[in-house]
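# Summary of the model geometry
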Amino acid sequence: MNLKVRKAFKSDRQEISDIVIAAFGDVQGQEVSDLITDLLADSSARPLVSLVATIDDTIVGYILFTNAHIKHFERNVSSAILAPLSVHPEFQNLGIGGRLIKEGLKKLKTMGVELVFVLGHPGYYPKYGFSIAGINGFDAPYPISPENSGAWMVQELHAGTVEDVSGQVICAEALNDPKYWRE
């Protein structure tokens, strides 16, 4: 398998949309695809990291990290939110999602990002260094139901940041809607 990860280009958008719809289903997939379009156009989402995974020049996966910040904290803490991660169903369980996560985190670290948040499957993201955010003092932009609190996760890219920081995470305007904060 000739897997490569590269920056996503505007010309990739239709293929990305097709992958997202295939991965999430027609209804939720279209909603997620529309969210991607909105986030890419949202100035409050920048800086952002938008990556695709390709096999033999065919896009098979996508990940987006957008800008975030922590409310009520004395210093500016460079943060990002991972949303969404999508791999075409025919290519799932091959490590492509993990590769996208690792490449994205590496890029964010070189950009000086200190914390990365995700609302996702608690059985998946901890494999890539994420841990429960709520018990570390980080509130999601909207309340997460107690039974799903383990789905709100954080990863520090600079050691010691989690111990020094807490507060509510403020996301990009396009993501600032309660419908995106249910797991």
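See the structure printed just above.
Values in this document were obtained by computation on a predicted structure and should not be read as measured data.

Here is what the cut-offs are and how they apply
- Residues numbered from 1 in each chain as written.
- Predicted model: local features only at pLDDT ≥ 70, side-chain atom pairs only at ≥ 80, totals over all residues.
- Heavy atoms only, no water.
- Helix = DSSP H or I, 4+ residues; strand = E, 2+ residues; numbered from the N terminus.
- Contact = heavy atoms within 4.5 Å.
- Phe/Tyr/Trp six-rings, centres within 6.5 Å; stacked < 30°, edge-to-face > 60°.
- Buried < 20%, exposed > 50% of the residue type's maximum accessible area, 1.4 Å probe, protein only.
- Axes fitted to C-alpha atoms, helices over the stretch in contact; angles between N-to-C directions.
- Left-handed = near helix turned anticlockwise from the far one by under 90°.
- Nonpolar A, V, L, I, M, F, W, Y, C, P; charged D, E, K, R; others polar.

## Examining the side chain of Ser 86
For Ser 86, the location among the structural elements is in strand β4 (residues 79–87). Not counting the four nearest positions on each side in its chain, Ser 86 is found in contact with Ile 19, Val 20, Ala 23, Phe 24, Val 60, Gly 61, Tyr 62 and Leu 100.

## A closer look at the packing of aromatic side chains
One pass over the full model with this rule turns up six aromatic pairs. When the centroid spacing of 5.3 Å and the interplanar angle of 10° are considered together, the rings of Phe 117 and Trp 152 count as stacked. Placement of Phe 117 in strand β5 (residues 115–119) and of Trp 152 in strand β8 (residues 152–156) is noted, with a sequence separation of 35 residues between them. The exposure class assigned to Trp 152 is buried, which follows from its relative accessible area of 3%. Residues Tyr 124 and Tyr 125 carry aromatic rings whose centres are separated by 5.0 Å and whose planes lie at 90° to one another, so their mutual orientation is edge-to-face. We classify Tyr 124 as partly exposed; its relative accessible area is 24%. These aromatic residues form a ring-pair network of at least three members: Phe 117, Phe 138, Trp 152 and Trp 181.

## Here's the deal with the packing of helix α1 (residues 13–24) against helix α2 (residues 26–41)
Orientation of α1 relative to α2, taken along the N-to-C sense of each, is 145°, at an axis distance of 7 Å. Handedness of the crossing formed by α1 with α2: right-handed. Where α1 approaches α2, its residues Arg 13, Ile 16, Ser 17, Val 20, Ile 21 and Phe 24 are matched on the opposing element by Asp 26, Gln 28, Gly 29, Gln 30, Val 32, Ser 33, Ile 36 and Leu 40. Of the residues contributing to the contact of α1 with α2, the split by class is seven nonpolar, five polar and two charged.

## Overview of unusual backbone geometry
Omega for the peptide link from Arg 46 to Pro 47 comes to 0°, which places this bond in the cis form. The topology assignment puts Pro 47 in the loop between α2 and β2 (49–55). Residue Pro 84 is bonded to the preceding Ala 83 through a cis peptide linkage, with omega at 0°. Even without glycine at this site, Asp 57 takes up a positive phi of about 70°. Structurally, Asp 57 is set in the loop between β2 and β3 (58–71). We note that Asn 93 has phi near 65°; this positive angle belongs to a residue other than glycine. Within the secondary structure, Asn 93 is located in the loop between β4 and α3 (96–110).

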